[in-house]
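Chain by chain, the residues run as shown.
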Amino acid sequence: MSIPSESTPRHPIRVVTRRTGLSPSVLRAWERRYGAVTPGRSEGGQRLYSDADVRRLTLLVRATDAGRNIGQVAVLDTGELEALVREDAAIAPPPPVAPSRAPGRTGEDVVQEALAAVDEMDANRLEKVLTRAALVLEPGALVDRVVVPVLGQIGTRWRHGRLGPANEHLASGIIRKFLEWLIGVIEVPGDAPVLICTTPKGQRHELGALLGGVVGAGVGWTSVFLGPDLPAEEIAKAAHRVGARAVAISALHPLEDPDLPREVATLATLLPPGAPLLAGGPAVLRIREDVEAAGGHVLMTMADLRTTLAELMANAQVVRTNGF
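Owing to the predicted nature of the structure, the values given are computational and were not obtained by experimental measurement.

Caption draft 1: Broad picture of the pairing of strand β5 (residues 222-225). Direction of pairing for strand β4 (residues 194-198) relative to β5: parallel, over a ladder of four bridges. Of the residues in β5, the one forming a bridge with L195 is S223. The β-α-β motif built from β4, the intervening helix α10 (residues 207-218) and the parallel element β5 has right-handed crossover chirality.

Written out as structure tokens, the structure reads:
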């Protein structure tokens, strides 16, 4: 039997994430977008990494923690990366640990750092704070402990005149792009059930729907974000087209939307059989009775959505196991 070469894949992804500090979603993004490493595959299709891959990823983490852009350093070979990391260490003391990795750091620390970036209109810094939080937090924790509190604080400050419209627009744009990226890189099984996420006609604020997509992907669903402001007929058509097992809608503003009850009722009647309508947001809470009368489920928080999706998936697995 020949001795495996250095490039022979050996380590499953859970070992790599533990040794490098990268989350599975960020690791996958670095592979797909930047070609950081090219892992091998087991006979069952599981990604496997060599010691050389792990070493290279560790160097990339150190380089990005020093403030370098992953797109710029991922093109370097391992020898060049080693030289770059040595150079960084020689020029300055070791960089501070990223906020989301630092011992004793809390979600509130990351939230405050993100808000400082919003106040200063520093888009690059905001994106970096969010991305570093994603390196170690699972999607659910990232949503609950970082993104939702940041959005809540931005909304409060804007309503009280302590944050300008330009700051709010910049932050919303960065967070929107970040959430879309997360939905695309969170790895889910190939046979995962499909969740449609969108906002109904007249509702143009899509961040709630994007958060729902991240939550869905985090519990193993394939999230399909359709964008905002869609008529019920178009949402239902998409749900049938992709075989959706659930549809999640978010309605934030306007709160008093006279068309919303009708849109919800129409959508509920047009969805595929067995695909529940999951609805959340301040505007939905104002018409809760209408939503429930139409057969929809009103969810108060992202945690409620997470629990509901986990239950739906578990019930589907029971059905498959029992052969029904």
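Caption draft 2: Expanded view of the sheet that holds strand β3 (residues 47-49). Ordered by their spatial adjacency, three strands build an open sheet running β1-β3-β2, and the pairing between neighbours is antiparallel. Every interior strand has two partners, whereas the edge strands, β1 (11-12) and β2 (40-41), have only one. Alignment of β1 against β3, held across two bridges, turns out to be antiparallel. Counterpart to H11 in the pairing with β3 is Y49.

Caption draft 3: A look at the side chain of T17. By the element assignment, T17 lies in helix α1 (residues 13-20). Here R14 takes part through its backbone oxygen, which lies 3.0 Å from a polar atom of the side chain of T17. Dropping the residues within four chain positions of it, T17 is found in contact with L22, S23, P24 and L27.

Caption draft 4: Local environment of unusual backbone geometry. Here the amide bond leading from H253 into P254 is cis, since omega sits at 5°, within 30 degrees of zero. Assignment of secondary structure puts P254 in the loop between β6 (244-250) and α12 (260-270). We note that M121 has phi near 55°; this positive angle belongs to a residue other than glycine. Structurally, M121 is set in the loop between α6 (107-119) and α7 (123-136).

Caption draft 5: Looking closely at the environment of R241. Along the chain, R241 falls in helix α11 (residues 232-242). Spatially, the C-alpha atom of R241 lies 9.7 Å from that of P272, the residues being 31 residues apart in sequence.

Caption draft 6: Quick look at the environment of R125. For R125, the location among the structural elements is in helix α7. With eleven residues separating them in the primary sequence, R125 and A114 have C-alpha atoms 7.8 Å apart. Those residues in contact with R125 that sit more than four places away from it in its chain are E113, A116, A117 and E120. Here E120 takes part through its side chain, which lies 3.0 Å from a polar atom of the side chain of R125.

Rules of the game
- Residues numbered from 1 in each chain as written.
- Predicted model: local features only at pLDDT ≥ 70, side-chain atom pairs only at ≥ 80, totals over all residues.
- Heavy atoms only, no water.
- Pairing = 2+ DSSP bridges.
- Helix = DSSP H or I, 4+ residues; strand = E, 2+ residues; numbered from the N terminus.
- Right-handed = clockwise from strand over helix to strand, strands pointing away.
- Polar contact = N/O pair within 3.5 Å; in protein donor to acceptor, adjacent residues only side chain to side chain.
- Contact = heavy atoms within 4.5 Å.

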